[in-house]
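# Working through the structure, step by step
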Amino acid sequence: MIEITAKDIEYSEHVLLKEGQSFDGERQDFISNLSTLDLQAVPGSGKTTALLSKLLILERKMPFNDGSGVLVISHTNAAVDEISERLGKYAPKLFQYPNFIGTIQSFVDTFLAIPLYTNQFKQKPYRIDNEVYYDAVTNLFPRNLPNFSRQEQKNGRYYIMSNNIQYSYRLKYEDNKFVPVDTISGNELNISKPRRSRNWVDFTDEEKEKIKKWLVLFKFRVIQKGTLHYDDAYTLAQIQLKEFPEVINLLQKRFKYIFVDEMQDMDVHQLEILEQIFYANGNSTSIFQRIGDKNQSIFSGGSIHIDEIWHQRELTLEINGSHRINNVLAPIIKSLGIESYEIEGRFKNDDGTDINIKPHLLIFDNDTIKNVITKYAEIIKNFQVNNEIPNPSPNKFMAVAWIKENDEVDRLGLSDYWDAYSHTSVKTQIDFKVLKDYLLYYDKSKRTLESVRKQILNALLKIIRLENIYDEFDRNYTKRKLLNHFRINHTSAYEILKLKIYDCSILCINDKIEEAYVVIKDYLPEFLSVFNSQISNSANFINDESEIEIEEITEVEESNLYIDGEIEIEIGTVHSAKGQTHTATLYMESFFQSDGRGANAKSYESQRLCSQILGQEIDNTTLGKRVKQSLKMAYVGFSRPTHLLCFAVHKDRFDNYLSDINNEIWEVVNV
């Protein structure tokens, strides 16, 4: 039985904390506890650091007597990278077998989906990737499926196209059969013929059953090609656990301790798999700890968790002390929580004195909305002059909004406050829409040709996918299979291929993108001739221009910065700011889906959350869907700053909803 002692915790403090700092009682209780439990931790509580402390201590006690290891799961690669960066040199055994640190997706892929796929199809899937999956669906959709009449094929395609679900529907495995569902966590598709005329007649029951079978078989045809959507991995995981339940015991033996960080961001299908394996209705031999903040659940397949997914265990520890939030902002942020948890604002000035900056309401109208960020910068400067906000600032200043932009003029979004806002995401990807983007966007942090070489090979693979070229097993080529095909079957062509890739890579490294593009484009007919093919379906991919200007690689970040002297304010969405700490945060209200009509319709945070902002007692169990969504978003946005919180509200909505604001709590500023 492993025990975590006070000396163990003291060791972790030396590694993880600044000199003179130590973990308080709340954090020590969690670090030392090795029972199955949940940890509910408020924003800025340092829960991840507390988890790292526990991992660091466990690594020093490895190997465990029973040969088991530790499993750490988070929601994003960034969180996984943070663990590696902070613990890598101090806890090397943690990153070796039998331990595993990764995202929920990588866990499901590695231990459930890929093993099942390999067992069933005798080879690994080509790729689990959404964009490649969309390509496969497009290529296979026109093809007929066996054992279906012409009319049945037509009905299946008609239903899919009429509902525009060819890329979005999924399969669920229940009662030993596959059922087409609208989303991976959703409901079975309701098959009916679209009403297109007065003489409408629905499909017969027999036709509906055939359409369901056609949907299942078409989905399987895509999967058999080796191309899986990320969601498909969870379908395979469901099969693995139901058909081979012994896997559960094996995984429990492999992983003695399971830690899931950012638990609130897990979706239903992810939570169910983890619970089935590592909780097993309370009968698991593993220790399963779930860590997060229920009030910060703003990620869920692009939407927001409204219905409660994470039901906390009987043994739930709490960390209520926040080292980010000050004592002035703590009660305001608490009032925005759907779940009522105490928040103790512990953040203070460097000299130990309390921060006494009131949150600011910035009131603007249609003529002054463009001045909101300027006014915010002015307020920051004034507090810096009075030494109430540090200069230089240890953390960034940020202006955020929930919605980026709205189509209609009278519906505000982030771009209405800041004309230059660009939400183009320029980052290294596996797949792009046009050939030239493969040459533009590769990992430039590496000093070798490796990253650009991979991008060129990915572009070649995309071209042969578009041309419906498959290997001898009627599957998509991988980079290795492609190179081996040339090396074994076409020796001279293999040498030319290597030379072209090298020449193109050198040109890209030297920023000669246009020249590299010409080299690879001129080579493609020769490349495809090896497969007795020519440019056809891939013509648009090869010839179309990039949708992103070369200059945007540097300009995107610059366009989302407001700079005034020494003040730099980053501009982005609330989602982009999640997990961050700011010295000052400006939250700008935005339009999100009206919850009514006429004068009583509410669409902005200032309308939906007026009672909470005015400090009124609210029964959170009676709140509507839109209010809950707005609460969760505001809770995350308002809990970012250490010193100054500003909330920008239109004058009309201020007059109608917030004119009774308590001026002892809020500072009202006209823009």
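The paragraphs below set out a description of the structure included in this document. (Residues numbered from 1 in each chain as written. Predicted model: local features only at pLDDT ≥ 70, side-chain atom pairs only at ≥ 80, totals over all residues. Heavy atoms only, no water.)

### Looking at the overall build of the protein
Counting its secondary structure elements, the protein contains 26 helices and 19 strands. For a compact globule of 671 residues, the expected C-alpha radius of gyration is about 26 Å, and the protein comes in at 28 Å, within 12% of that figure. Counting only C-alpha atoms and orienting by the principal axes, one finds that the protein spans roughly 75 × 65 × 65 Å. When the 671 residues of the protein are sorted by exposure, 53% land in the buried category. The contacts in the protein between residues at least 6 apart in sequence include a share of 75% that link residues at least 24 apart. Accessible area for the protein stands at about 32000 Å²; split by element, carbon and sulfur atoms hold 46% of it. Considering the protein, the positive charge centre built from 79 side chains and the negative charge centre built from 97 side chains are found 7 Å apart. (Helix = DSSP H or I, 4+ residues; strand = E, 2+ residues; numbered from the N terminus. Rg over C-alpha atoms; globule rule 2.2 N^0.38 Å. Buried < 20%, exposed > 50% of the residue type's maximum accessible area, 1.4 Å probe, protein only. Contact = heavy atoms within 4.5 Å. Areas by Shrake-Rupley, 256 points an atom, 1.4 Å probe, with all protein chains shown as cover. Lys, Arg positive; Asp, Glu negative; His and termini not counted. Charge placed at Lys NZ, Arg CZ, Asp CG, Glu CD.)

### Some thoughts on empty space enclosed by the protein
For the structure shown, the criterion picks out two cavities of 30 Å³ or more. There is about 60 Å³ of room inside the largest cavity. Forming the boundary of the largest cavity are V132, D135, A136, N139, L140, K225, T227, R465, Y470 and N476. Top contributing element to the lining of the largest cavity by residue count: helix α6 (residues 130-140), with five residues. As a volume, the second largest cavity reaches approximately 40 Å³. Contributing to the lining of the second largest cavity are L171, F178, F220, I223, D232, T235, L236 and I239. Of all the secondary-structure elements, those providing two or more residues to the lining of the second largest cavity are α8 (205-224) and α9 (230-243). (1 Å grid on protein atoms, 1.4 Å probe; cavity = no way out; pocket = protein on both sides within 12 Å on 5 of 7 lines; lining within 4 Å. Points joined across faces, edges and corners; volume = space filled by probe spheres on them.)

### Let's talk about the sheet that holds strand β19 (residues 667-670)
One open sheet accounts for seven strands, arranged β15-β16-β14-β17-β18-β13-β19; its pairing is mixed. Looking at the sheet topology across the chains shown, the edges are occupied by β15 (561-564) and β19. Each neighbouring strand pair of the sheet contributes to a mean axis angle of 20 degrees, computed without reference to strand direction. Both strand β13 (residues 360-364) and β19 contribute to a ladder of four bridges, which runs parallel. (Pairing = 2+ DSSP bridges. Axes fitted to C-alpha atoms, helices over the stretch in contact; angles between N-to-C directions.)

### Topic: the packing of aromatic side chains
Scanning all chains against the criterion turns up 28 aromatic pairs. When the centroid spacing of 6.0 Å and the interplanar angle of 65 degrees are considered together, the rings of Y133 and Y134 count as edge-to-face. Note on Y133: relative accessible area 1%, which makes it buried. Here the aromatic residues F100, F107, F111, F255, F278 and F288 are joined through ring pairs into a cluster of three or more. For R313, the ring lying beneath its charged end belongs to Y279, and the centroid distance is 4.0 Å. (Phe/Tyr/Trp six-rings, centres within 6.5 Å; stacked < 30°, edge-to-face > 60°. Lys NZ or Arg CZ within 6 Å of the ring centre and 35° of its normal.)

### Structural notes on the pattern of salt bridges
Oppositely charged side chains can pair when the atoms bearing their charge come close. Taken as a whole, this structure holds 38 salt bridges when the rule is applied. With a closest N to O distance of 2.6 Å, D419 and K370 form a salt bridge. With a gap of 49 residues between them, D419 in the loop between α14 (414-417) and α15 (435-440) and K370 in the loop between β13 and α13 (372-385) connect regions that are remote in the sequence. For K396, the salt bridge identified is with E570, shortest N-O distance 3.0 Å. One end of the pair, K396, is in strand β14 (residues 396-401); the other, E570, is in strand β16 (residues 567-573), with 174 residues separating them in the sequence. (Salt bridge = Lys/Arg side-chain N within 4 Å of Asp/Glu carboxyl O.)

### Things to note about the environment of E314
By the secondary structure assignment, E314 is in the loop between β9 (287-292) and β10 (316-319). On the accessibility criterion, E314 (87% relative accessible area) is exposed.

### Regarding the sheet that holds strand β2 (residues 69-74)
Taking strand neighbours across the sheet as the criterion, the six strands line up as β3-β2-β8-β9-β1-β10 in an open arrangement whose pairing is parallel. Both outer strands of the open sheet, β3 (100-103) and β10, are each paired with one neighbouring strand and no more. Averaged over all adjacent pairs, the angle separating strand axes in this sheet is 15 degrees, with direction ignored. Pairing of β2 with β3, which is carried by four bridges, proceeds in the parallel orientation. Paired with I73 across the two strands is G102, which belongs to β3. Contacts between helix α4 (residues 77-87) and the sheet are confined to β2 and β3, with β3 contributing the most and set at about 150 degrees to the helix. In this fold helix α10 (residues 246-254) packs onto β2 and β8 (255-260), with an angle of close to 85 degrees to the strand it touches most, β8.

### Things to note about the packing of helix α18 (residues 491-509) against helix α19 (residues 513-529)
Where α18 contacts α19, the two axes come as close as 8 Å, and the packing angle between them is 165 degrees. In terms of orientation, α18 lies roughly antiparallel with respect to α19. For the crossing formed where α18 meets α19, the hand is left-handed. Counting all contacts with α18, which are made through A493, I496, L497, K500, C504, L507 and C508, the residues of α19 involved are I513, E515, A516, V519, I520, Y523, E526 and F527. (Parallel < 35°, antiparallel > 145°, perpendicular 65-115°, else oblique. Left-handed = near helix turned anticlockwise from the far one by under 90°.)

### As for the side chain of K208
As for its placement among the helices and strands, K208 is situated in helix α8. Of the residues examined, K208 reaches a relative accessible area of 19% and is grouped as buried. Ignoring anything within four residues of it in the chain, the contact list for K208 reads I191, S192, D202 and F203.

### What to know about the pairing of strand β17 (residues 582-588)
Counting buried positions along β17 gives seven out of seven residues, so the element sits mostly inside the fold. Two strands pair when backbone bridges link them, and β17 and strand β18 (residues 641-650) are joined in this way by six bridges, in the parallel orientation. Across the sheet, the residue bridging to L586 is C646, located in β18.

### Comments concerning the nonpolar core
Grouped together as the largest cluster of nonpolar side chains are 42 residues, with contacts concentrated most on L439, I464, L482, F486, F527 and F531. Those elements that place two or more of their residues in this core are α15, α16 (450-466), α17 (479-489), α18, α19 and α20 (539-543). Element by element, the count of residues in this core is highest for α16, at nine residues. Apart from the residues within four sequence positions on either side, I464 is in contact with I469, Y477, L482, F527, L528 and F531. Ranked by size, the runner-up nonpolar core spans 39 residues in total, among them I338, I343, M398 and A634. (Core = buried A, V, L, I, M, F, W, Y, C linked by side-chain atoms within 4.5 Å.)

### What to know about unusual backbone geometry
Residue M62 is joined to P63 through a cis peptide bond whose omega torsion reads 0 degrees. One can find P63 in the loop between α3 (47-60) and β2. Cis peptide bonds are those with omega within 30 degrees of zero, and the linkage from N391 to P392 qualifies with 5 degrees. For K122, which is not glycine, the phi dihedral falls at a positive 65 degrees. Inspection of the secondary structure puts K122 in the loop between α5 (104-121) and β4 (127-128).

### Quick notes on the side chain of H582
Within the secondary structure, H582 sits in strand β17. Note on H582: relative accessible area 0%, which makes it buried. A polar side-chain atom of H582 sits 2.8 Å from a polar atom in the side chain of T585. Residues in contact with H582, not counting those within four places in the same chain, are N395, K396, M398, A577, R640, P641 and T642. (Polar contact = N/O pair within 3.5 Å; in protein donor to acceptor, adjacent residues only side chain to side chain.)

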